[in-house]
Amino acid sequence: MAATSSPAILPTINAPAATDTAQQIGPTPAFRSFINHISTTVQTGFANRRPWSELLDRSAFSKPESFSDATLRIRKNYTYFRINYLSALAVVLAFSLITNPFSLLVLSGLLAAWLFLYLFRPSDPPLVIFGRQFSERETLGLLIISTVVVIFLTSVGSVLVSALMIGLAIVCTHAAFRVPEDLFLDDPQDSPATGFLSFLSGGAANAAAVAVAPAVAARV
């Protein structure tokens, strides 16, 4: 009597779960949190923007009597038109980058490298480029060196500095010649946020901290 042969057992391969694949392909939670906080901050800032007609009211312009008077006007007008001035700076900076496509391309590539190669990239698996594996310290060092080279050894740095200087000159000139007596200054003069980037120091800084914290914790 012939012995019955047992059926062949085929090896099984555990396919990765669909949810894991989706998480690897889609944006990380830190990146989504960063974008959401930035969007909320920008929307809140533009909601507090003053009317542009009030900013450009010709009847409210006059020559300052002295340097101290011009300084006082700049302080008061900046407190009142802060969002408008920051918008003007952003427009000047954007125009400078658009008219210099090379600087715009290089700066965009540098920003994308920081976001997707370090800040929002999962620590596992490690970064592999051209068959070579890079550690976290090596990745950070390459990004820092690339940033220094781009800012100080190319035309990108000069374009950014020139745009900021032109924007600040426009803002300071307007604020010095705009009479602020007709403005309702509802913001406290002794507010701790007195820099031109105070609009971003609150919401955007907190957004970056919340977004980067998971990535830093994963690397530690």
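Note that the structure is a prediction, hence the values are computed from the model and not measured. (Residues numbered from 1 in each chain as written. Predicted model: local features only at pLDDT ≥ 70, side-chain atom pairs only at ≥ 80, totals over all residues. Heavy atoms only, no water.)

(A) Fine view of the packing of aromatic side chains. Taken as a whole and judged by the stated rule, the model has two aromatic pairs. On the basis of an interplanar angle of 85 degrees and a centroid distance of 4.8 Å, the ring pair of Tyr80 and Phe81 is categorised as edge-to-face. Phe81 shares its class with Tyr80; the two are buried. Considering the side-chain rings of Phe81 and Tyr85, the 6.1 Å spacing of their centres and the 55 degrees angle between planes classify their relative orientation as tilted. With relative accessibility at 3%, the residue Tyr85 sits in the buried group. Ring-pair connections join several aromatic residues into one group, and the members of that group are Tyr80, Phe81 and Tyr85. Lying across the ring of Tyr80, Arg50 places its NZ or CZ 4.1 Å from the centre. (Phe/Tyr/Trp six-rings, centres within 6.5 Å; stacked < 30°, edge-to-face > 60°. Buried < 20%, exposed > 50% of the residue type's maximum accessible area, 1.4 Å probe, protein only. Lys NZ or Arg CZ within 6 Å of the ring centre and 35° of its normal.)

(B) Region of the structure containing helix α8 (residues 155–177). With 23 residues, α8 extends 33 Å between its outermost C-alpha atoms, agreeing within 8% with the 33 Å of an ideal straight helix rising 1.5 Å per residue. Looking at α8, one finds that the buried residues are Val156, Gly157, Val159, Leu160, Ala163, Gly167, Val171, His174, Ala175 and Ala176. (Helix = DSSP H or I, 4+ residues; strand = E, 2+ residues; numbered from the N terminus. Expected span 1.5 Å × (residues − 1).)

(C) Structural detail: the nonpolar core. Listed in full, the ten residues of the largest apolar core are Leu55, Tyr78, Tyr80, Phe81, Tyr85, Leu86, Leu89, Val171, Ala175 and Leu183. Sorting the residues of this core by element identifies α4 (67–80), α5 (82–98) and α8 as the ones contributing at least two each. The greatest single-element share of this core, amounting to three residues, is contributed by α5. The residues touching Phe81, leaving out its near neighbours within four places in the chain, are Arg50, Glu54, Leu55, Arg178 and Leu183. Residues Leu110, Val156, Val159 and Leu160 belong to the second largest nonpolar core, which totals six residues. (Core = buried A, V, L, I, M, F, W, Y, C linked by side-chain atoms within 4.5 Å. Contact = heavy atoms within 4.5 Å.)

(D) Structural detail: a nonpolar patch on the surface. A cluster of nonpolar side chains, namely Ile144, Ile145, Val148, Val149, Phe152 and Leu153, defines an oily patch on the protein surface of about 610 Å² accessible area. With respect to the helices, strands and loops of the structure, Leu153 is situated in helix α7 (residues 136–153). (Patch = residues over 30% accessible without salt bridge, like charges linked within 9 Å, V, L, I, M, F, W, Y side chains within 5 Å. Areas by Shrake-Rupley, 256 points an atom, 1.4 Å probe, with all protein chains shown as cover. Salt bridge = Lys/Arg side-chain N within 4 Å of Asp/Glu carboxyl O.)

(E) View of the UniProt feature "transmembrane region" (unreviewed entry) in the protein. Summarizing the sequence annotation, UniProt attributes the feature "transmembrane region" (unreviewed entry) to residues 80–98, 104–120, 140–171 and 191–217 in the numbering used throughout. In residues 140–171, the share of helix is 97% and the share of strand is 0%. The end C-alpha atoms are 36 Å apart. (UniProt positions renumbered as here; feature names shortened; annotations may be inferred.)

(F) Structural detail: α5. Between the first and last C-alpha of α5 there are 24 Å, a value that for 17 residues agrees with the 24 Å anticipated at 1.5 Å per step. Among all positions in α5, only Ile83, Asn84, Tyr85, Leu86, Ser87, Leu89, Val92, Ser96 and Leu97 are buried.

(G) Representation of the pattern of salt bridges. The full count for this structure, using the stated rule, is one salt bridge. A salt bridge links Asp69 to Arg73; the shortest N-O distance between them is 3.6 Å. Of this pair, Asp69 and Arg73 both sit in helix α4, four residues apart, which is roughly one turn of that helix.

(H) Structural detail: the environment of Ile170. Its place among the elements puts Ile170 in helix α8. Once the C-alpha coordinates of Ile170 and Tyr85 are considered, the two residues, 85 residues apart in sequence, prove to be 9.1 Å apart.

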